[in-house]
Amino acid sequence: MTGASGTAAGADALSRLWREVVTRHGGRAALTDGRRTLTYRQLNLTVRAVAGRLAAAGAGPGRYVMLGALAPLDAVVGMLGTLAAGAAFAVLEDGLPESARAARCARVDAALLVGRGAAPGGTDLPPWVDLSLQLDGPAPESPGDDPGDRTAVPGGPAYAMFTSGSTGEPKAVEIGRDALHGFALAAADRLALGPGDRWLQLASLGFDVVVEEVFPVLARGGTVVCRADTAVPDPQDLHALLRDLDVTVVELSTQYWREYAHWLDVRGTTTPLPLRRVLVGGERMDPDDWRRWERAGRAALVHVYGLTECTVTSTMYEGPLADAAAEVPVGTPLANAEVSVRGPGRHPVVPGEVGEIHIGGPSLASGYLGDPERTARQFVAGPRPGDGRLYATGDLGRVLPDGNVEFHGRVDDQMKIRGHRLEPASVERLLAADPSVAQAVVLADARTRSTLLACLVPAGPAPATPPDGVLPVTAEQRARLLARVTAELPGWAAPQRLFWTGALPKNAHGKVDRRGLAARLATESRTESGPSGPGAAPAPGAPAPGESPAPASAASEPLPTVLRRFRVLLDDPEFGVDADFFAGGGQSILAMRLVTELRADFPGTVGLRATTVFDHPTPRRLAHWLSAARTRPRSASTPFPPAAPKEHKD
């Protein structure tokens, strides 16, 4: 969407749509973070000021502007301003190592890197543009230059998003302006969005879900509700945001939604009254979880399915879910997507038969920037006249009698971790670069369903590893082995648990049997080396391995309860009092679950958040924090804390 003016005759569809929205809804709130609110008229003027600054610095058609170090509201303005300059945007996620930032800028040949304040450190980065002057202070009162309507090229690029590559190099998927325009309208129509809708922006700014959170609701005159920063809120804080900001639509990853649902179950409450749609996607949804949510009478669920290469979302499913359904369908296509299930020779299979899901239509990406060979492999021609260009998703599925598509896994090893697509080879390559590793295999951790584990074959002298067993790496080995991974990939791509093995199981074709390896790991005792391992003495008052501790009897003695929660959550009956939650397989989503359980155990606690677990990652340290916070244990007669003043809306 670009800056609005009434004079440009050659504006592309995205520009025309924005102009119409601003004209029709100028006085309505377009963008807010709870502290600052911009109407469509104010946002348009601010966007044009940003566009003028970027155009003067060299942004223009076919050029990429890299957005970095921006708060969510500023990032949305930056996206719109970039499009208004006729350019395309890409985003640097928080926490990326220096080498990854440089690689992403190089992949899109970024003309500019924009943000606030001084230029970031590091080499091989494009020229820096400080947008503080355009982003701060009141919105302009009169229109300035409008570069977007003069320079926007119909069919040109709108943005690029990065996905994992097997070689370790990020893949940059380029989405065109026409595809973005069509998606915004198709998603808005399917969700029946209108001027009264308020969509909470939660996704990482480098994740393509942000496009779904911003453009469809703006296309219908609604409001994008931004967080103050990029931190992921705990379920309790998410609930408060939804309630206090009168949010009507929100999109959650499957794991995050599961934690929010659990928090609602524990509290015995429901979703805030204004919330009418909860989109969920990124990983398989458990049908029992879906039915439990429906029975509770909460906001309607929408199961979304799509790939970055097809402009975010291609299908949506809304319940109710049949009692006999073994899977939650991914739904039927949006108006901008053509979805088919195909077999050998890419010929469509009969309804009910499993094949590879293919997506066609105007939603398709231009391709992978700088990688024509991969583009040719993934974006293919159908065998029949009229098939047009198709994207081979690598996902298996079938079409149900009612026309909904049902997901049935992958044709390759690609996986999704917390909604992010990952090719395991990208991590395996970095682990195997260590001289001590001959081979590495990366799997999804079945215990957490949201983290990775790695199994390593030693290259030389190594710990005594039984041929058919595994041995956890030491803390020192773990730090060394993960150094390359954390230097080149986002934190979610780093395996939380690593094991040595004497040999990897093979299938009949001589390839690694990943399912067999996963089964082997599932049957192994989960131990950690060092003083917190199986030989460690239990802490005073702590239960012996396998025993369930009694509830804490005083605020000064929460350790038994805390230790029990760690052990149950990490599925490790021998987890030690000084063992690290994150080294044992924990991550942010599991930290949220831990906090939910501990709030139920100690309802008088003030300030307990997932960030507390990051700061106090062992049972002993977290129990000490709870004692210092003057907690009181929960008894059978102790209710949950009183509801917040606005809880009556639930």
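For the structure, check the block above.
Residues numbered from 1 in each chain as written. Predicted model: local features only at pLDDT ≥ 70, side-chain atom pairs only at ≥ 80, totals over all residues. Heavy atoms only, no water.

K.L.:
Tell me about the overall build of the protein chain, residues and numbers included.
P.N.:
When you go through the protein chain residue by residue, the secondary structure sums to 19 helices and 27 strands. For the protein chain, buried positions account for 57% of its 650 residues. Excluding contacts between residues fewer than 6 apart, the proportion of contacts in the protein chain whose partners are at least 24 apart in sequence is 67%. Of the roughly 25,300 Å² that the protein chain leaves accessible, carbon and sulfur atoms contribute 53%. (Helix = DSSP H or I, 4+ residues; strand = E, 2+ residues; numbered from the N terminus. Buried < 20%, exposed > 50% of the residue type's maximum accessible area, 1.4 Å probe, protein only. Contact = heavy atoms within 4.5 Å. Areas by Shrake-Rupley, 256 points an atom, 1.4 Å probe, with all protein chains shown as cover.)

K.L.:
Please provide a residue-by-residue account of the sheet that holds strand 13 (residues 300–305), values included.
P.N.:
The mixed open sheet is built from nine strands, whose spatial order is 2-1-10-9-11-12-13-14-15. Strands with a single pairing partner mark the edges of an open sheet, and in this sheet they are strand 2 (37–39) and strand 15 (332–333). Across four bridges, strand 12 (residues 277–281) lies against strand 13 in parallel orientation. Within strand 13, the residue paired with Val280 across the bridge is His303. Contacting strand 1 (29–32), strand 9 (198–201), strand 10 (223–226), strand 11 (249–253), strand 12 and strand 14 (315–318), helix 8 (residues 209–219) runs over the sheet at an angle of about 160° to strand 9. (Pairing = 2+ DSSP bridges. Axes fitted to C-alpha atoms, helices over the stretch in contact; angles between N-to-C directions.)

K.L.:
Tell me about the sheet that holds strand 26 (residues 470–472), and please be specific about residues and values.
P.N.:
Hydrogen bonds between backbone groups are what pair the strands of a sheet, and the pairing can be parallel or antiparallel. Spatially, the four strands line up as an open sheet ordered 24-25-27-26, and their pairing is mixed. Of all the strands in the sheet, just strand 24 (437–444) and strand 26 have a single pairing partner and so form its edges. Strand after strand, the sheet turns through a mean of 30° between neighbouring axes, direction not considered. The pairing of strand 26 with strand 27 (residues 497–501) spans three bridges and is antiparallel. Each residue of the ladder has a partner; that of Leu471, found in strand 27, is Trp500. Sitting on the sheet, helix 14 (residues 475–488) is in contact with strand 24, strand 25 (452–458) and strand 27, with an inclination near 100° to strand 27.

K.L.:
Describe the packing of helix 10 (residues 254–267) against helix 11 (residues 287–295), with residues and values.
P.N.:
Running from N to C, helix 10 and helix 11 point in directions that differ by 45°, and their axes come no closer than 11 Å. Considering the angle they form, helix 10 stands oblique to helix 11. When you trace helix 10 past helix 11, the crossing you get is left-handed. When helix 10 is examined against helix 11, the residues Trp257, Arg258, Tyr260, Ala261, Leu264 and Asp265 are found in contact with a partner set consisting of Asp289, Trp290, Arg292 and Trp293. Residue composition of the contact of helix 10 with helix 11, grouped by class: six nonpolar, no polar and four charged. (Parallel < 35°, antiparallel > 145°, perpendicular 65-115°, else oblique. Left-handed = near helix turned anticlockwise from the far one by under 90°. Nonpolar A, V, L, I, M, F, W, Y, C, P; charged D, E, K, R; others polar.)

K.L.:
An account of unusual backbone geometry is needed here, citing residue identities and associated values.
P.N.:
The peptide bond linking Gly319 to Pro320 adopts the cis configuration, its omega dihedral lying at 10°. Within the secondary structure, Pro320 sits in the loop between strand 14 and strand 15. Positive phi is not limited to glycine here, since Asp246 has a value of about 55°.

K.L.:
Describe helix 2 (residues 40–57), naming the residues involved and giving the relevant values.
P.N.:
When the terminal C-alpha atoms of helix 2 are compared, their 26 Å separation across 18 residues agrees well with the 26 Å that a helix rising 1.5 Å per residue should span. Restricting attention to buried positions, one finds in helix 2 the residues Tyr40, Leu43, Asn44, Leu45, Thr46, Val47, Arg48, Val50, Ala51 and Leu54. Once helix 2 ends, the next one or two residues include Gly58, with phi positive near 120°. (Expected span 1.5 Å × (residues − 1).)

K.L.:
Tell me about the environment of Thr32, residues and numbers included.
P.N.:
Residue position: Thr32 is located in strand 1. Since its relative accessible area comes to 5%, Thr32 is described here as buried. Thr32 sits 192 residues away from Val224 along the chain, and the two C-alpha atoms are 6.5 Å apart. In this structure Thr32 touches Thr37, Leu73, Arg198, Thr223, Val224, Val225 and Cys226, once residues within four positions along its chain are discounted. Only 2.8 Å separates the side chain of Thr32 from the side chain of Thr37, close enough to count as a polar contact. (Polar contact = N/O pair within 3.5 Å; in protein donor to acceptor, adjacent residues only side chain to side chain.)

K.L.:
Let's hear about the nonpolar core: which residues, and what values?
P.N.:
Of all hydrophobic cores here, the largest spans 83 residues; its most connected members are Leu43, Leu54, Phe89, Tyr159, Val211 and Phe215. Among the elements that take part in this core, helix 3 (residues 72–84) stands out by supplying eight residues, more than any other. The contacts of Leu43, once residues within four sequence positions are left out, are Trp18, Ala30, Leu31, Leu38, Val77 and Leu80. Counting 52 residues, the second largest nonpolar core, distinct from the first, contains Val280, Trp290, Leu301 and Phe582. (Core = buried A, V, L, I, M, F, W, Y, C linked by side-chain atoms within 4.5 Å.)

The values are spatial; any link to function lies outside them.
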